[in-house]
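Remarks on the overall topology
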Amino acid sequence: MTPKQIQRLEKKIAAIKRALAAEKRKFGGYDDSRGLRYLPTRYYLQLGDIKGG
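Residues numbered from 1 in each chain as written. Predicted model: local features only at pLDDT ≥ 70, side-chain atom pairs only at ≥ 80, totals over all residues. Heavy atoms only, no water.

Okay, the overall build of the protein chain next. Helix and strand counts for the protein chain come out as two helices and zero strands. Each principal axis of the C-alpha distribution contributes one length, and for the protein chain these read about 40 × 20 × 20 Å. Taken across its 53 residues, the protein chain has 19% of its residues classed as buried. Put simply, of all contacts in the protein chain between residues at least 6 apart along the chain, 48% involve residues at least 24 apart. (Helix = DSSP H or I, 4+ residues; strand = E, 2+ residues; numbered from the N terminus. Buried < 20%, exposed > 50% of the residue type's maximum accessible area, 1.4 Å probe, protein only. Contact = heavy atoms within 4.5 Å.)

Here you go:
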């Protein structure tokens, strides 16, 4: 995996975490109809970060 691909996945993870945090602040919980809470695990495993995933 190239450094650019790693950086792109890290940005995706950060964006998803921000979206989930904003949703929690706004509604007091999560609406998981988009399945966002499962995506960071997939990206962590692609990065090889088993502990993060």
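Here the narrative resumes.
Bringing the nonpolar core into the picture now. Core analysis: the biggest nonpolar cluster contains seven residues, these being Leu9, Ile13, Ile16, Leu20, Leu36, Tyr43 and Tyr44. Put simply, the parts of the chain that give this core at least two residues each are helix 1 (3–27) and helix 2 (39–47). In terms of residues, this core owes the most to one element, helix 1, which gives four residues. Excluding residues that lie within four positions of it along the chain, Leu36 makes contacts with Ile16, Ala19 and Leu20. (Core = buried A, V, L, I, M, F, W, Y, C linked by side-chain atoms within 4.5 Å.)

Moving on, we come to the environment of Pro40. Within the element layout of this structure, Pro40 appears in helix 2. If sequence neighbours within four positions are ignored, Pro40 has contacts with Ile13 and Ile16.

The next thing to look at is a positive patch on the surface. Positive charge collects at one region of the surface, where Lys4, Arg8, Lys11, Lys12 and Arg42 lie side by side. Counting residues per element, the positive patch draws most heavily on helix 1, at four residues. By the element assignment, Lys12 lies in helix 1. The partly exposed category is assigned to Lys12, whose relative accessible area is 38%. (Patch = residues over 30% accessible without salt bridge, like charges linked within 9 Å, V, L, I, M, F, W, Y side chains within 5 Å. Areas by Shrake-Rupley, 256 points an atom, 1.4 Å probe, with all protein chains shown as cover. Salt bridge = Lys/Arg side-chain N within 4 Å of Asp/Glu carboxyl O. Lys, Arg positive; Asp, Glu negative; His and termini not counted. Charge placed at Lys NZ, Arg CZ, Asp CG, Glu CD.)

A separate point is the pattern of salt bridges. Scanning the entire structure with this criterion turns up one salt bridge. We note a salt bridge from Glu23 to Arg34, for which the minimum N-O separation is 3.3 Å. Placement of the pair is Glu23 in helix 1 and Arg34 in the loop between helix 1 and helix 2, with a sequence separation of 11 residues. Accessibility expressed as a relative area gives 54% for Arg34, which makes it exposed.

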